[in-house]
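# Observations on the model geometry
The lines below spell out each chain.
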Amino acid sequence: MRIIHVAAELAPCAKVGGLGDVVQGLAHELVRQGHDVEVILPAYPHLIDKPPSLPFTLTLLPHPLFQRPHIYGYDDDVQRFAHFSSLAAKHIASQSYDVIHLHDWHTALIAAYLPRTILTLHNLAYMGTCDPLLLQELGITLDSTLQGSEGYSLLRVGIVKATQITTVSPTYACEILTSDYGYSLCELLQRSQYKLHGILNGLDTDYWNPATDPYLPVPYDATHLDGKYQSQRHILQELGLIHEKGPLVAAITRLVWQKGPDLIAAAIEKTLLEGGTFMLLGSTADAVTEATFYALRERFPTNRLHMTLHFDEALAHKIYAAADLLIIPSRFEPCGLTQLIAMRYGTLPLVRHTGGLADTVQPGTNGFTFEAPDIHACLSTLQEAFTTWDQATTIWKEMQRHALTADYSWQRSAHAYLTVYSGLKTYLTHDIVH
Ligand code: ADP
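As the structure is a prediction and not an experimental result, all values here were calculated from the model.

### Looking at the overall build of the chain
From N to C terminus, the chain includes 18 helices and 16 strands. Against the globule reference of 22 Å for 434 residues, the chain gives a C-alpha radius of gyration of 22 Å, in line with a compact fold. Taken along the three principal axes of its C-alpha coordinates, the chain extends 65 × 45 × 40 Å. Put simply, of all contacts in the chain between residues at least 6 apart along the chain, 69% involve residues at least 24 apart. Accessible area for the chain stands at about 17,000 Å²; split by element, carbon and sulfur atoms hold 54% of it. For the chain, the separation between the mean place of its 29 positive charges and that of its 43 negative charges on side chains is 2 Å.

### Re the layout of surface pockets
The computed volume of the second largest pocket comes to approximately 230 Å³. Lining the second largest pocket are 16 residues, with Pro12, Gln24, His28, Asp204 and Tyr207 sitting closest to its centre. Looking at the lining of the second largest pocket residue by residue, the class counts come to ten nonpolar, three polar and three charged.

### Observations regarding the side chain of Arg2
Mapping Arg2 onto the fold places it in strand E1 (residues 2-6). A distance of 2.9 Å separates a polar side-chain atom of Arg2 from the backbone oxygen of Ser96. Apart from the residues within four sequence positions on either side, Arg2 is in contact with Asp36, Glu38, Gln95, Ser96, Tyr97, Asp98 and Val99.

### Considering empty space enclosed by the protein
All chains considered together, the criterion is met by one cavity of 30 Å³ or more. Taken as a whole, the largest cavity holds about 40 Å³ of empty space. Around the largest cavity, the lining residues are Gly25, His28, Glu29, Arg32, Leu203, Asp204, Thr205 and Trp410. Among the elements that line the lining of the largest cavity, the one with the most residues is helix H1 (residues 18-32), at four residues. When the residues that make up the lining of the largest cavity are grouped by side-chain class, the tally is two nonpolar, three polar and three charged.

### Here we look at the environment of Tyr215
Along the chain, Tyr215 turns up in the loop between strand E10 (196-198) and helix H10 (226-238). Residue class for Tyr215 comes out partly exposed when judged on its relative accessible area of 32%. Between the C-alpha atom of Tyr215 and that of Arg412, which follows or precedes it by 197 residues, the distance is 27 Å. If we ignore the near neighbours within four places in the chain, the residues touching Tyr215 are Tyr207, Glu313, Ala314, His317 and Lys318.

### Overview of the site of the ligand
Taken together, 20 residues surround the ligand, and among them Lys15, Gly18, Arg254, Lys259 and Tyr320 come closest. Between Lys15 and the ligand, the recorded distance is 2.8 Å, taken from a side-chain N or O atom to an oxygen atom. A distance of 2.9 Å separates an oxygen atom of the ligand from a polar atom in the backbone of Leu337. When contributions to the shell around the ligand are tallied by element, the ones reaching two or more residues are H1, strand E11 (249-254), strand E12 (278-283), helix H13 (313-322) and helix H14 (338-344).

### Considering the sheet that holds strand E8 (residues 151-153)
What the three strands build is an open sheet, ordered E6-E8-E7; its pairing is antiparallel. The sheet terminates laterally at strand E6 (129-130) and strand E7 (147-148), the two strands that pair on one side only. Across two bridges, the pairing between E6 and E8 is antiparallel. Opposite Cys130, over in E8, you have Tyr152 as the bridge partner.

### Some points on the packing of aromatic side chains
Describing an aromatic ring pair means giving the distance of the ring centres and the angle of the ring planes. A complete count under the given rule lists 13 aromatic pairs for this structure. Ring centres of Phe66 and Phe81 lie 5.1 Å apart, and the angle between their planes is 80 degrees; this geometry places the pair in the edge-to-face category. Of this pair, Phe66 sits in the loop between strand E3 (57-61) and helix H3 (77-93) while Phe81 is found in helix H3, placing the two residues 15 residues apart along the sequence. Neither residue differs from the other here; Phe66 and Phe81 are each classed as buried. Judged by centre distance (5.7 Å) and plane angle (80 degrees), the rings of Phe81 and Trp105 are edge-to-face. In this pair, Phe81 is assigned in helix H3 and Trp105 in helix H4 (residues 104-108), connecting sequence segments 24 residues apart. With respect to class, Phe81 is no different from Trp105; both count as buried. Cluster of aromatic residues (ring-pair linked, three or more members): Tyr44, Phe66, Tyr72, Phe81, Phe84 and Trp105. It is Arg68 that lies over the ring of Tyr74; its NZ or CZ is 4.9 Å from the centre.

Basis of the calculations
Residues numbered from 1 in each chain as written. Predicted model: local features only at pLDDT ≥ 70, side-chain atom pairs only at ≥ 80, totals over all residues. Heavy atoms only, no water. Helix = DSSP H or I, 4+ residues; strand = E, 2+ residues; numbered from the N terminus. Rg over C-alpha atoms; globule rule 2.2 N^0.38 Å. Contact = heavy atoms within 4.5 Å. Areas by Shrake-Rupley, 256 points an atom, 1.4 Å probe, with all protein chains shown as cover. Lys, Arg positive; Asp, Glu negative; His and termini not counted. Charge placed at Lys NZ, Arg CZ, Asp CG, Glu CD. 1 Å grid on protein atoms, 1.4 Å probe; cavity = no way out; pocket = protein on both sides within 12 Å on 5 of 7 lines; lining within 4 Å. Points joined across faces, edges and corners; volume = space filled by probe spheres on them. Nonpolar A, V, L, I, M, F, W, Y, C, P; charged D, E, K, R; others polar. Polar contact = N/O pair within 3.5 Å; in protein donor to acceptor, adjacent residues only side chain to side chain. Buried < 20%, exposed > 50% of the residue type's maximum accessible area, 1.4 Å probe, protein only. Near = heavy atom within 4 Å. Pairing = 2+ DSSP bridges. Phe/Tyr/Trp six-rings, centres within 6.5 Å; stacked < 30°, edge-to-face > 60°. Lys NZ or Arg CZ within 6 Å of the ring centre and 35° of its normal.

Laid out in structure tokens, this is it:
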């Protein structure tokens, strides 16, 4: 099959979060399974300067609105990606293809221009709300189906126009039919259920592999876990940390409301008060969040609390390997990759039971979970993890074995996408704008 992905991110060369990992992992697996894959991205200046070498075709479409140092974070992000989508649709229109796979609001608009599209919803909290004039300027005919209580949004246009819609876990596919998780789009999603599928993300197990990871001081796998503990000692030393009590706890995340930064702060405090050690790798563009975490850091000894508050790919790999417990107290989590990476590195996840976290972490088997998104529930589960560590080493080791041997590779997920793609081949017509 000839499959074209159009996205804002691609890991690791243009990555902000999990979206980049998913586009890279799925494209790579589709190539492995013998398909012809093209990924289209905006021509970010750093990619033009240093084009990555990839197992699939990468097309970079130049546009003046992308001559900037960052991927997102500009006031005109919605205009930038709407114009990119229109440009990408024109580029694709002259080609033959079986399927166009769109990702999130950034590229959802393409579904209004071309047939045989699948739109993956990675996170409904970001809709690309826009002025209707922008849509008209780009040739979209406005009608009542495109307007909701949020006004107009690129994501709504994509959901209405896409041939099929997927989201990144079965539980999130159910959650988004409620207003708590689907927001103003929940009624449209309920009406679109006939074309909605929940497909769990996979993990690129070649890239995230403790046996070959070039960032780790000592390689290891499920049968040679001593390498994990040697790596742990090296990394503790590199970060100037000591670890005397309990599991070595960590969090690796964007520090936004979704990810429960208040619960992470409370978990840091409890871990330190218990005599434990915590490593936080959190990215934030918000000065207040940054100041709150730096103030917390001031209250504890520097040899038991490490904080890096920006994106650092190398450090992420080291922390996944060094930690014993990774906390992910998300208020909602469409799929979540950090729990999958943690398990691959023999680190038990402690998660809130929501979305893809609920689909991948089974309490007592491969991690710890709590239900209510509040500090009390989070901290009592953290206490349970400390108690298991202290009193039930064999249970911890058994859970670690389950985590290390689970199969969250892309193979199974890619198979599910291919089933949806095959269905698209029968759609030959569609209401096309141009
Ligand atoms: P989201 O896409 O919502 O941010 P996911 O769990 O799906 O969350 O994916 C997060 C990805 O981003 C993982 O690969 C994780 O390792 C990475 N990541 C998050 N924060 C950082 C950071 N500060 N530095 C390096 N990698 C990070």
